[in-house]
Amino acid sequence: MTETKGQMSATDFDAVVVGGGFAGLYSLHKLRGQGLKVRVYEAGDGVGGTWFWNRYPGARVDIQSLEYSYQFDEDLQQQWEWSERYAPQSELLTYANHVADRFNLRPDIQLNTRVTGATYDEAADLWQVSTSQGDKVTARWLVMATGCLSSTNTPDFPGLADFKGRTFHTGAWPKEPVDFSGRRVGVIGTGSSAIQSIPLIAQQATHLTVFQRTANYSVPAHNGPIPEDVVRDVKGRYADFRAANNATSLGADWDYRADLAMEHTEAEREAEYEMRWQRGGLSFYGSYVDLLSDPVANNTAAEFVRRKIRQIVKDPAVAERLCPTTPLACKRICVDTGYYDTYNRSNVTLVDVKAAPITAITPTGLRTADADYELDDIVLATGFDAMTGTLTRMDIRGVGGVTLKDTWAEGPKNYLGLSVVGFPNLFIIAGPGSPSVLTNMLPSIEQHVNWIGDTISYLRGHGLKRIEATAPAQEAWVSHVNETAAPTILPTCNSWYLGANIPGKPRVFMPYLGFAPYVAKCEEVVANGYEGFALA
Ligand code: NA7
């Protein structure tokens with residue numbers, strides 16, 4: 001046991017950070033830089049989080065790499081060179097490892113160790129943390145850097161365990177490359193992971209059958225090397241570039257137009273959408289300011305994408321099946337390379353499993369309500385128990401031994417996404433109630449880590465050893481998160497933003513819409529002496 005600097009109680013660590021992805025790495029760097037003794041526990045045998053686990057073919061970031069990168073260190077952001085506009089998984093993993101080495105983070109990271117539980121010791125104001133390796137340690141501060149999409153969702157298909165072929169989940173892909181040559185492959189799901197992997201799997205497989213429940217919107221990435229002049233321009237004004245992006249509602253460089261779609265003629269709208277389609281990527285969101293709020297405006301963009309699908313996909317029946325019927329962007333738009341065109345290949349079949357649902361996995365394939373499909377490999381691109389899954393699967397017990405799982409039985413409740421009533425000194429990075437998945441994750445993570453670090457510094461500086469959200473502040477924040485999303489199209493389809501992809505999960509819109517106002521609110525809370533928090 002070591003005496004904690006500036007504190008009354010003896011603890012093993014000042015802070016335990018759960019997770020060694022981008023949030024965990026920066027948390028360690030930040031808190032250690034403040035003089036804290038920190039331990040990171042990471043379940044994987046390497047750092048990198050999302051980019052450690054999601055190694056499926058075609059996995060790459062859907063935000064431009066010049067943005068999806070750390071900004072806390074000027075030398076790092078100036079010296080690191082991205083090979084492509086949207087970095088592939090392997091490069092993001094190399095980047096995470098580079099950061100771990102560059103800032104000498106590894107000595108304080110324990111790999112192959114999953115945090116299984118944490119109990120708050122009210123008498124000592126400490127967290128007692130237990131791990132899969134049998135560690136039992138105490139820490140004043142518990143930082144959940146557990147990621148938003150880190151607990152995979154494997155639907156409960158009868159017979160899955162008895163399938164004789166190979167089964168993969170995109171979110172827990174093997175480290176060794178998987179060869180699909182000569183194999184009949186089935187991909188279940190058509191979310192982002194499926195949309196990125198399907199074109200590459202189709203190039204290898206003898207036959208690929210895609211089982212689609214809900215068609216998704218995808219825009220082309222037009223990926224490639226980043227032109228030198230773009231790199232020079234951005235790096236020449238990196239701080240300003242980041243600040244301008246952070247001042248937007250979604251926290252990314254999506255070339256937002258302030259105009260309303262319906263104030264323009266059809267031809268003008270068509271030209272705007274076409275320009276953005278040709279440019280590629282998620283700047284499609286920025287076309288008009290009312291795409292998320294006005295269903296009529298939204299449908300003009302949705303129709304544009306549907307027209308594109310009908311132009312690309314030669315078989316009209318397949319094209320129709322691929323045309324989404326939900327509002328555009330009520331699920332995150334996907335960014336692809338050759339996705340729709342893949343359905344023009346003779347070795348690819350699209351099966352509608354909304355019309356005829358999957359009833360079982362057989363030893364040799366997959367059965368739907370109206371047919372049997374013989375398969376050698378099944379790829380589950382079935383997503384995640386998003387935002388809350390990893391947190392509620394851990395045995396986290398706060399004041400009075402109450403579990404976080406029970407506390408959130410009707411949906412996640414917290415203040416600013418950061419702090420939960422009844423769970424003092426526990427901070428959540430980019431969790432529910434924060435902008436997180438509606439933004440560029442890296443700046444969102446950094447903003448949270450900076451806030452948490454500054455808060456801990458304030459508390460230590462004032463001899464305080466406990467911080468907890470107050471019930472009225474939490475209640476008001478939860479209402480605000482819901483009221484902000486309610487008038488938009490965001491809660492209108494069965495997305496993982498709502499937990500709707502997990503049977504039995506309460507239907508609550510989890511992320512907070514509005515990066516810039518969120519940051520302002522966090523700053524205001526501090527300026528008002530940690531308004532909405534009880535400090536002791
Ligand atoms: P997603 O986006 O949650 O996609 C999962 C897909 O799996 C989606 O098409 C689901 O259909 C489908 N799914 C899930 N369960 C079933 C069952 N039981 N039967 C048939 N189909 C099913 O996960 P991803 O990994 O692709 O992407 C996650 C995020 O990563 C993405 O949003 C980006 O931000 C990056 P559904 O739509 O639920 O009908």
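Conventions and cut-offs
- Throughout this document, residue positions are counted from 1 along each chain, in the order its sequence is written.
- Given that this is a predicted model, residues contribute local features only at a pLDDT of at least 70 and side-chain atom pairs are listed and counted only at 80 or more, while totals for whole chains, interfaces and linings are drawn from all residues.
- Processing note: side-chain calculations cover all non-hydrogen atoms of the structure and skip hydrogens and water entirely.
- Any two strands with at least two DSSP bridges between them are considered paired.
- Note on conventions: DSSP H or I runs of at least 4 residues are helices, E runs of at least 2 residues are strands, and numbering of each starts at the N terminus.
- Axis geometry follows a simple rule: fit a line to the C-alpha atoms, using only the stretch in contact for helices, then measure angles between N-to-C directions, giving values from 0 to 180 degrees.
- The classification of residues rests on relative accessible area computed with a 1.4 Å probe and restricted to protein chains. Under 20% of the type maximum is buried, over 50% is exposed, and intermediate values are partly exposed.
- Crossover handedness is defined here as right-handed if the route from the first strand over the helix to the second strand goes clockwise, with the strands pointing away from the viewer.
- Basic side-chain nitrogens of Lys or Arg form a salt bridge, by our definition, when they fall within 4 Å of a carboxyl oxygen of Asp or Glu.

**Student:** Please set out the sheet that holds strand E17 (residues 372-374) residue by residue, giving values where relevant.
**Tutor:** One open sheet holds the three strands; their spatial order is E15-E16-E17, and the pairing between them is antiparallel. Two strands bound the open sheet, and with one partner strand each, they are strand E15 (358-362) and E17. When strand polarity is set aside, the average angle formed by the axes of neighbouring strands in this sheet is 20°. Where E15 meets strand E16 (residues 365-368), four bridges bridge the pair, whose relative direction is antiparallel. Looking at the pairing, Ile358 lines up with Thr368 of E16.

**Student:** Before we move on, could you go through the pairing of strand E11 (residues 207-212) and cite the residues and values that matter?
**Tutor:** Burial analysis of E11 places five of its six residues in the buried class, the great majority of the element. One ladder, built from five bridges, connects strand E10 (residues 184-188) with E11; its direction is parallel. Bridging from a neighbouring strand, Arg184 pairs with His207 of E11. With respect to chirality, the unit in which E10 leads through helix H5 (residues 192-204) into the neighbouring parallel E11 is right-handed. Pairing analysis gives five bridges linking E11 to strand E14 (residues 348-352), with the strands arranged parallel. Looking at E14, one finds that Leu208 is bridged to Val348.

**Student:** With reference to specific residues and values, describe the pattern of salt bridges.
**Tutor:** Applying the stated criterion to the full structure yields 28 salt bridges. A salt bridge links Asp14 to Arg460; its shortest N-O distance comes to 3.8 Å. Pair noted here: Asp14 is in strand E3 (residues 13-18) and Arg460 is in helix H14 (residues 441-461), with a separation of 446 residues, a long-range link. For the pair Asp14 and Arg460, a shared accessibility class is recorded, and that class is buried.

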